[in-house]
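Chain by chain, the residues run as shown.
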Amino acid sequence: MSQRIPVQQIDPKVTAKAPSSFGKSIVTRSYQGMFRNIRLYSTAALLALFFLTVWFEWEGRQAVLWDLAGGKFYIFGATFWPQDLILLSALLIICAFGLFFLTVLAGRIWCGYSCPQSVWTWIFLRIEHLTEGERHQRIKLDAAPWSWQKILRRTAKHSLWLIVSAVTALTFVGYFTPIRELSLDLLNFSVGGLSLFWLAFFTSATYISAGWLREQVCLHMCPYSRFQSVMFDDSTLLVSYDAQRGENRGARKKASDPKALNLGDCIDCTLCVQVCPTGIDIRDGLQLACISCGACVDVCNDVMQQMGYAPNLISYTSERALAGQSTQWLRPRLLGYAATLILMLGGLYWGLDSRSLVSLDVSKDRLMFRENNAGQIENMYLLKIINKTQTSQEYQISMQGSDSLSLSAPNKVHLSAGEIATVAVTVSQLDTAAGGVTPLTFTVASTSQANISSSSSSNFTAPLVR
Ligand code: SF4
Ligand code: SF4
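Reading guide: rules and limits
- Residues numbered from 1 in each chain as written.
- Chains lettered and ligands numbered in written order.
- Predicted model: local features only at pLDDT ≥ 70, side-chain atom pairs only at ≥ 80, totals over all residues.
- Heavy atoms only, no water.
- Pairing = 2+ DSSP bridges.
- Helix = DSSP H or I, 4+ residues; strand = E, 2+ residues; numbered from the N terminus.
- Axes fitted to C-alpha atoms, helices over the stretch in contact; angles between N-to-C directions.
- Parallel < 35°, antiparallel > 145°, perpendicular 65-115°, else oblique.
- Left-handed = near helix turned anticlockwise from the far one by under 90°.
- Contact = heavy atoms within 4.5 Å.
- Buried < 20%, exposed > 50% of the residue type's maximum accessible area, 1.4 Å probe, protein only.
- Phe/Tyr/Trp six-rings, centres within 6.5 Å; stacked < 30°, edge-to-face > 60°.

Undergrad: Explanation requested: the sheet that holds strand β3 (residues 64–67) in the structure shown.
TA: What holds strands together in a sheet is hydrogen bonding between their backbones, with the strands either parallel or antiparallel. Spatially, three strands are ordered β3-β4-β5 in an open sheet, and the strand pairing comes out antiparallel. Only two strands of the sheet have a single partner each, and these edge strands are β3 and β5 (78–80). Averaged over all pairs of adjacent strands, the angle between strand axes in this sheet comes to 10°, irrespective of strand direction.

Written out as structure tokens, the structure reads:
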């Protein structure tokens, strides 16, 4: 459990370490507060979604599964095919716009609250706290020579990190390979080579990223952190220290009058630095490394409360608010992103709603035409039909074009869920009709569900002179 930090126990001499570089670790301390709780509940919900969804069943198969071998993506009652990739691309673009909107509104709030790198780092930090103790104990343990106690604590920490990493990898791979079979294979030591490779890869990636690299990913590897600062404006909510109110900073007795001591509200306890997962001092001003997690806001508010001062010496605020002006909520850039998002969401909804649940591809035979036994000109076609529903369907094939053309095709075509069939059909022309090229359209329609049909165009070719 994180605990409230009594002001009396704050030792200004235990200053936080500077932002780490590779090889140096940031040792954060635990704390409590409103933003921590928001993060706790929101990440708990996201983690539950990630870890549990993969186990849901839907009509006898995994509810959410990206079947790479079969080229299909199942999401509950819907099946998406490679032809629907445009919808997935649209969804990714919408997510990107959602991120841009959030960034203009509240800076790197995504990083601090929802980014998997941050979420898994918080989990690993929690394990570190459980196995090695509070910040000062961990600093002491780091500096201590190797002993049985140190070996045991380190072993416990790394074992738990590896277990979390392995469960994360199994869950992630389980979205691409049926997780129940994969888990059974794991228990029976019969996992295939490819699955084993990806399990090992994602276990290592999680262990290294959340256990060792941590803030280095945010600082040096994440492309989003490179460009997000150019999206900020003077009304973007960022975690900021109110220097006018806080300076001059300095230690004092709780009962003393800061004004008489020529001090501002910052008691220079450095707790805001000690809780910071990226190891920065927000009192130095806005910094690229700040992931807007609100940890310093929580801990400083706690200090302000204990000192009997007003809250929000550090807060989510805008440059305008810090300059004494009001934050502009309805500003063109934000409204532009919101309008684009709404339009794109509407487009995606329309795309999903109008998505055909049967696919039809027509390919004309390379032989332009032939004459049949009745002396009529005949063209041959191959119709590739995909049943995109999750139930068996019976289809009727029809052809629209010219009255002089007649279709010869199977009466009904039965396809089970997800089945693909190639059907050969011929179209013949009355011998009195004119030659040349006649456009035509083939249609396949479900005999049981009127809304399931698909059409595809082609043409009929006949010699000009017979
Ligand atoms: S800003 Fe707040 S938490 Fe940070 S040193 Fe000053 S009083 Fe302490
Ligand atoms: S400065 Fe504050 S909000 Fe920014 S990363 Fe550090 S603790 Fe989080």
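Undergrad: Hey, could you run me through the packing of helix α6 (residues 148–174) against helix α8 (residues 193–213) in this one?
TA: Packed helix pairs are characterised by how far apart their axes lie and by the angle those axes make with each other. Two elements in contact, α6 and α8, have axes separated by 8 Å at closest approach and are oriented at 130°. Considering the angle they form, α6 stands oblique to α8. The crossing of α6 and α8 is right-handed. On α8, the residues that touch His158, Trp161, Leu162, Ser165, Ala166, Thr168, Ala169, Leu170, Phe172 and Val173 of α6 are Trp198, Leu199, Phe202, Thr203, Thr206, Tyr207, Gly211 and Trp212.

Undergrad: I would appreciate a short explanation of the environment of Ser359 in the present structure.
TA: Within the secondary structure, Ser359 is located in strand β8 (residues 358–364). Looking at Ser359, the relative accessible area reads 9%, which means it is buried. If we ignore the near neighbours within four places in the chain, the residues touching Ser359 are Gln83, Lys384, Ile385, Ile386, Lys388 and Ser454.

Undergrad: Is there a simple way to think about the packing of aromatic side chains in this case?
TA: Within a pair of aromatic rings, the relevant descriptors are the distance that separates the centres and the angle that separates the planes. On inspection of all chains with the given rule, the structure shows 21 aromatic pairs. Ring geometry for Phe73 versus Phe80: centroids 6.3 Å apart, planes at 40°, classification tilted. Measuring from ring centre to ring centre gives 5.6 Å for Phe172 and Phe176, while their planes differ by 55°; the resulting arrangement is tilted. Assessed through its relative accessible area of 33%, Phe172 is described here as partly exposed. Here Phe176 falls in the partly exposed class, since its relative accessible area comes to 33%.

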